[in-house]
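Structure assessment
Each chain, letter by letter, is given below.
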Amino acid sequence: MHIKDFTDTTNLVVELRLQDLKEAARDGLVTEAQAQSLWQRWSHSAPAHTQPPERTGPTPGPAFGFVNVLYYFGGLVAIGAMSLFMTLGFQSLGAGALLAIALGYMVACLKVADHFKARGLHVPAGLLATLAVFLVPLAVWSAQSLAGLWPPGGSDVFASYHTRIDWRWLTLEFATLAAGVVMLWRYRLPFMVMPLALTLWYMSMDVANALLNDHGWEWEFMRDVSLVFGIGTVAVALWVDVRSRLSLTAEWRQDFAFWLYIFGTTMFWCGLSLHDSDSELGKFIYALINLALVLVGAAIGRRVFTVFGALGVALYLGHLSHEVFRDSLLFPLALTLLGLGVVALGVWWQRHEAAIAARLARYVPQGLQPRS
């Protein structure tokens, strides 16, 4: 909002963007429905805006006010009810009934999501559309079971989808990714990326199981597959991030990369950290990779990199203190100094975070520079 005239408050002229009203709604000053209604009323009487839309980074996500907490709590309970907490009693209805229930729930969720989005209630709309994506695995599993196409040897309980690693789930995961991408294109709501990122995480484990030909549990191989999937997911997140930041459309400037960064970095860092090298050089390279994560996180404004990188550096410093002061009375002192040093580093980083991020941002492409 830009003030045009400071001298006469009765004829005050301002420039108002839809983004200003959305931010006011996120701050709790007005509801999202009121913001949408005000924009529709004012835009009809305002002159046409001839300036091209400004390029900015992804718009910030919704603030966690009381209303949004209620939205997310209710939405996540509903998602859990149709996925994590699918009971044997519910499945006793049979594959045909489950398929009908899943499709019925899906249609109802999408109808309500359309209703909410038309009224500017994007958070509940995103939650309902996400629930529809979470119903895709149940629908596909029911259809395969009903048609007799479920591969033998696997679990015949859908609840195992979230607890058991098995290559037979891959058909459910590919279908979820395909349906999720279509629904994301249809609704363009960032929270809908969450089930896609979660599915990629599941897929990394199930692909490893398939490559092992369902024989044994070679955790080292599964660790390496997780590492590769993590790198791939982060690469997709970077691509999505660039497209979002450079988009000229407000709908596509939202933060669609957030969940991809979360799951991708988790897969990559866990796979990397589980490589227990006996070489001090290997451990030092591990520390350098984590230090690079800290710097990359600061440069592109993604704190998930900074958090995991800082944790990795702390683990390496702990290793050094343990090796240098092994079986020594000085070990507790060294560990205390290490902890205090990390706290001091956190204080220094907080004071200079903006300057550090601004300096590092000069070395990254425009599409990855954090918002000012």
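Each chain has its residues counted from 1, running along the sequence as written. For a predicted model such as this one, the threshold for reporting local features is a pLDDT of at least 70, and the threshold for listing and counting side-chain atom pairs is 80 or more; totals across whole chains, interfaces and linings nevertheless cover every residue. Here the side-chain values reflect all heavy atoms present in the structure, with hydrogen atoms and water set aside.

Brief notes about the confidence of the model for the protein
pLDDT: the predictor's confidence for each residue, scored from 0 to 100. Residues of the protein with pLDDT of at least 70 account for 79%, and the chain-wide mean is 79. By mean pLDDT, strand 1 (residues 2–3) is the weakest element of the protein at 44, and helix 7 (residues 170–187) is the strongest at 94. Only heavy atoms matter for contacts: two residues are in contact if any of them lie within 4.5 Å across the pair. A low-confidence stretch, residues 1–10 (pLDDT under 50), is modelled with 15 contacts involving residues beyond four sequence positions or located in other chains. Numbering of helices and strands starts at the N terminus; helices are DSSP runs of H or I of at least 4 residues and strands are runs of E of at least 2.

A look at the nonpolar core
The criterion is simple. A nonpolar core is a set of buried Ala, Val, Leu, Ile, Met, Phe, Trp, Tyr and Cys residues joined through side-chain atoms within 4.5 Å. Working definition: with a 1.4 Å probe on protein chains only, accessible area under 20% of the residue-type maximum means buried, over 50% means exposed, and in between means partly exposed. Met 106, Met 192 and Tyr 261 are the most contacted members of the largest nonpolar core, which has 67 residues in total. When neighbours within four sequence positions are excluded, Tyr 261 is seen to be in contact with Ala 237, Leu 238, Asp 241, Ile 300, Arg 302, Val 304, Phe 305 and Leu 368.

Digging into the side chain of His 162
Tracing the backbone shows His 162 in the loop between helix 6 (122–146) and helix 7. Polar contact is the term for a pair of N or O atoms within 3.5 Å; when the atoms are in protein, one must be able to donate a hydrogen and the other to accept it, and sequence-neighboring residues count only if both atoms are side-chain atoms. Only 3.0 Å separates the side chain of His 162 from the side chain of Tyr 202, close enough to count as a polar contact.

Some words on the packing of aromatic side chains
Here a ring pair, both rings aromatic, is described through the centre-centre distance and the interplanar angle of the planes. A pair of aromatic rings is counted whenever rings of Phe, Tyr or Trp (Trp by its six-membered ring) have centres within 6.5 Å, and the orientation is called stacked for planes under 30 degrees apart, edge-to-face for over 60 and tilted otherwise. Counting across every chain of the model gives 15 aromatic pairs. Measuring from centroid to centroid gives 5.1 Å for Trp 185 and Trp 252, while their planes differ by 40°, and the two rings are tilted. Of this pair, Trp 185 sits in helix 7 while Trp 252 sits in the loop between helix 9 (219–246) and helix 10 (258–273), and the two are 67 residues apart along the sequence. Given a relative accessible area of 57%, Trp 185 falls into the exposed group. Residues Trp 252 and Phe 256 carry aromatic rings whose centres are separated by 5.3 Å and whose planes lie at 45° to one another, so their mutual orientation is tilted. Through pairs of rings, three or more aromatic residues link up here, namely Trp 141, Trp 150, Phe 158, Tyr 161, Trp 169, Phe 191, Trp 201, Tyr 202, Phe 258, Trp 259 and Phe 263. Geometry around Tyr 187 places Arg 186 over its ring, the cationic atom sitting 4.7 Å from the centre. Only when the NZ of Lys or the CZ of Arg is both within 6 Å of the ring centre and within 35 degrees of the ring normal is a charge said to sit over the ring. Its end group placed over the ring of Trp 185, Arg 188 keeps NZ or CZ at 5.2 Å from the ring centre.

Quick notes on the pattern of salt bridges
A carboxyl oxygen of Asp or Glu within 4 Å of a side-chain nitrogen of Lys or Arg is what we treat as a salt bridge. The tally for this structure, following the rule as stated, stands at eight salt bridges. Across the pair Asp 166 and Arg 168 runs a salt bridge whose closest N-O atoms are separated by 2.8 Å. A salt bridge links Arg 223 to Asp 224; the shortest N-O distance between them is 3.1 Å. Among the residues examined, Asp 224 registers a relative accessible area of 30% and is labelled partly exposed.

Observations regarding a nonpolar patch on the surface
Here a patch means residues that are over 30% exposed by relative accessible area and free of salt bridges, tied together within 9 Å if like-charged and within 5 Å if nonpolar (Val, Leu, Ile, Met, Phe, Trp, Tyr). Computed by Shrake-Rupley with a 1.4 Å probe, the accessible areas treat only the displayed protein chains as cover when residues are assessed. A cluster of nonpolar side chains, contributed by Leu 281, Phe 284, Ile 285, Leu 288, Leu 291 and Leu 295, occupies part of the molecular surface with about 540 Å² of accessible area. Within the secondary structure layout, Leu 291 lies in helix 11 (residues 280–300).

Digging into helix 11
For helix 11, which comprises 21 residues, the first-to-last C-alpha distance of 30 Å matches the rise-based estimate of 30 Å (1.5 Å per residue) to within 8%. With a side-chain oxygen lying 3.1 Å from the backbone nitrogen of Leu 281, the N-terminal cap of helix 11 falls on Ser 279. Just downstream of helix 11 lies Gly 301, where phi reads positive at about 75°. To estimate how far a helix should extend, the number of its residues minus one is multiplied by 1.5 Å.

Remarks on helix 6
Within an α-helix, residues lying three or four positions from one another point in the same direction, as the helix has 3.6 residues per turn. Between its terminal C-alpha atoms helix 6 stretches 36 Å, which fits the 36 Å expected from 25 residues at 1.5 Å a residue. Think of it this way: the bend at a residue is just the angle between two axes, each fitted to seven residues, one set ending at that residue and the other starting at it. If you look at helix 6, its biggest bend is around 25°, right at Leu 135, and the proline Pro 137 turns up within four residues after that. A large share of helix 6 lies buried, amounting to 19 of its 25 residues. Just downstream of helix 6 lies Gly 148, where phi reads positive at about 75°.

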